[in-house]
Amino acid sequence: EIAYYSSLNSAFGLQAAILGGFVFVEMFDNARQESNELPNHNVRLNMYSVFSAIVVATALHIIITTTLLKTLGPGLGLNGPVGSMVKAVDGLKIELGYVSKSFIILMVSFVTSTILSFWVCMDSIAAIVSTIVFILAARFWIHFSLRIIRRFHWESEELYSKSSGGTTNTDDPSLKLGVQLLQMGIKQAESSETDSIMEGYLDICGYFPPQGKVIWDRKYVILTGSGQLAFFEDRKSYRMNSDVNKLSNRPLRMSSFYVQPNKDASAVDSALQILLCPREDDSFKHWLLRCDNDEELQMWRLVLDASFDH
């Protein structure tokens, strides 16, 4: 998906650069055209210049935006913490909508400036014929574009279920592959107490039931092969001190907890959350882990379930 959205940004950026460069050069050439026999030449020339400027400005906007998306999107997905690939794909998908709208503005402005250029550079007969041909061509462009869009259109609901719990489609091949890779990582890391099985940013909250106040704190969370859950301020802090046994805040041992569905909907929104309850005494401190999306929730549930046996 990263490659797919990167190729789309490349296509939009390339087309915008071609159109913007073409109009930029023609704008100054047409500005030097002598007045034809048609009245109000300066008015038509000024209108042409305004729409040409809109084309160039919009093209530059698209070029800058798509360059940033091509650079930062895959960079987050490849180099970020666990779950960053999903964030990168979702971000590229959202930004693609804005790029598409900008490209539509670019095309409309380009068509308008082209028609105005007919009335700046040509005599009346040639300008009328050229305008009619261009309008007829635009009608066919719209017709065939809509036909292609309808042929290949799909709804996002076809990929993800819309149940009240916001569950993820477990038949997704990419999710199955991720589960298999995590299972392999768990087996390889079980013999080490410090190797990370799963890591990433989560919202965490420790509270005492039944009326404990829920205060969220963003932490970089590490789950080790020995079944210990450690909290760091950020990813850099973990890289500088990866030994969870030397932390001032003692990590949680997952064998002392079990996962329980968060049914206290009146206190907190239970979506995308994992509730860790102590096995010995239910009055002890409970822990809430809140993920950013359904994919992260599935992955964390998998590795936490595997770590409870340690």
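Quick caveat: nothing in here was measured; it's all calculated off a predicted structure.

Rules used in this analysis
- Here the residue index of a chain counts from 1 through its sequence in written order.
- Reporting in this predicted model follows two pLDDT cut-offs: at least 70 for local features of residues, and 80 or more for side-chain atom pairs to be given and counted; totals over whole chains, interfaces and linings ignore these cut-offs and use all residues.
- The side-chain numbers reported here are obtained from all heavy atoms of the structure, hydrogens and water having been left aside.
- Salt bridge, as used here: a side-chain nitrogen of Lys or Arg that lies within 4 Å of a carboxyl oxygen of Asp or Glu.
- Each helix corresponds to a stretch of at least 4 residues labelled H or I by DSSP, and each strand to a stretch of at least 2 residues labelled E; elements are numbered beginning at the N terminus.
- Classification of residues uses two cut-offs on accessible area relative to the type maximum, computed with a 1.4 Å probe and protein chains only: under 20% is buried, over 50% is exposed, and between them is partly exposed.
- Throughout, a contact is declared for two residues whenever any of their heavy atoms are within 4.5 Å.
- Joining through side-chain atoms within 4.5 Å is the link that ties buried Ala, Val, Leu, Ile, Met, Phe, Trp, Tyr and Cys residues into a set, and such a set is a nonpolar core.
- Following DSSP output, two strands are said to pair if at least two bridges run between them.
- Note on definitions: angles span 0 to 180 degrees between N-to-C directions of axes, and those axes are lines fitted to C-alpha atoms, for helices only across the stretch in contact.
- We call two directions roughly parallel when the angle between them is under 35 degrees, roughly antiparallel when it is over 145, roughly perpendicular when it lies between 65 and 115, and oblique otherwise.
- The sense of a crossing depends on the near helix, which, turned anticlockwise from the far helix by less than a right angle, makes the crossing left-handed and, turned clockwise, makes it right-handed.
- Basically, the charged four are Asp, Glu, Lys and Arg, the nonpolar ten are Ala, Val, Leu, Ile, Met, Phe, Trp, Tyr, Cys and Pro, and anything else, Gly included, counts as polar.

Visitor: What am I meant to see in the pattern of salt bridges here?
Guide: Summed over the entire model, instances satisfying the criterion amount to six salt bridges. In this structure, Asp-203 and Arg-218 form a salt bridge, with 3.3 Å as the shortest nitrogen-oxygen distance. Here Asp-203, found in strand E1 (residues 196-207), pairs with Arg-218, found in strand E2 (residues 217-224); they are 15 residues apart in sequence, far enough to count as distant. For Lys-219, the salt bridge identified is with Asp-217, shortest N-O distance 3.4 Å. Residues joined in a network through salt bridges with shared partners are Lys-87, Asp-203, Arg-218, Arg-290 and Asp-292.

Visitor: Hey, could you run me through the environment of Leu-304 in this one?
Guide: Locating Leu-304 in the fold gives a position in helix H7 (residues 294-307). Overall, the relative accessible area of 0% leaves Leu-304 in the buried class. The residues touching Leu-304, leaving out its near neighbours within four places in the chain, are Leu-223, Leu-229, Met-254, Ile-274 and Leu-289.

Visitor: Please clarify how the nonpolar core should be interpreted in this entry.
Guide: Soluble, globular proteins show a tendency: their nonpolar side chains are buried together. Leu-229, Leu-276, Leu-289 and Trp-300 are the most contacted members of the largest nonpolar core, which totals 22 residues. Going through the elements one at a time, E1, E2, strand E3 (228-232), strand E5 (257-260), strand E6 (273-278), strand E7 (286-290) and H7 are the ones with two or more residues in this core. In contact with Leu-289, not counting residues within four places along its chain, are Leu-202, Asp-203, Ile-204, Leu-229, Phe-231, Leu-272, Gln-273, Ile-274, Leu-276 and Leu-304. Phe-12, Leu-19, Phe-103 and Leu-106 belong to the second largest nonpolar core, which has 19 residues in total.

Visitor: What is the right way to look at the side chain of Asn-9 in this model?
Guide: For Asn-9, the location among the structural elements is in helix H1 (residues 2-31). When sequence neighbours within four positions are dropped, the list of residues in contact with Asn-9 reads Thr-66, Leu-69, Lys-70, Leu-92, Leu-96 and Val-99.

Visitor: I keep staring at the pairing of E5 and nothing clicks. Help me out?
Guide: Only one face of E5 is covered, namely the face carrying Phe-257 and Val-259; the face carrying Tyr-258 and Gln-260 is uncovered. Bridge count for E5 against E6 is four bridges, and the pairing is antiparallel. In the strand pairing of E6, Phe-257 is matched with Pro-278.

Visitor: Teacher, can you tell me more about the packing of helix H3 (residues 84-121) against helix H4 (residues 124-152) here?
Guide: Pairs of packed helices are described in terms of their axes, by the angle between the two and the distance that separates them. Relative to each other, H3 and H4 sit at 165°, their axes nearing to 8 Å. Taken as axis vectors, H3 and H4 run roughly antiparallel relative to one another. Relative to H4, the crossing made by H3 is right-handed. Within the contact between the two elements, H3 uses Val-111, Thr-114, Ile-115, Phe-118 and Trp-119 and H4 uses Ala-127, Ile-128, Ser-130, Thr-131, Phe-134, Ile-135 and Trp-141. Considered class by class, the residues forming the contact of H3 with H4 number nine nonpolar, three polar and no charged.

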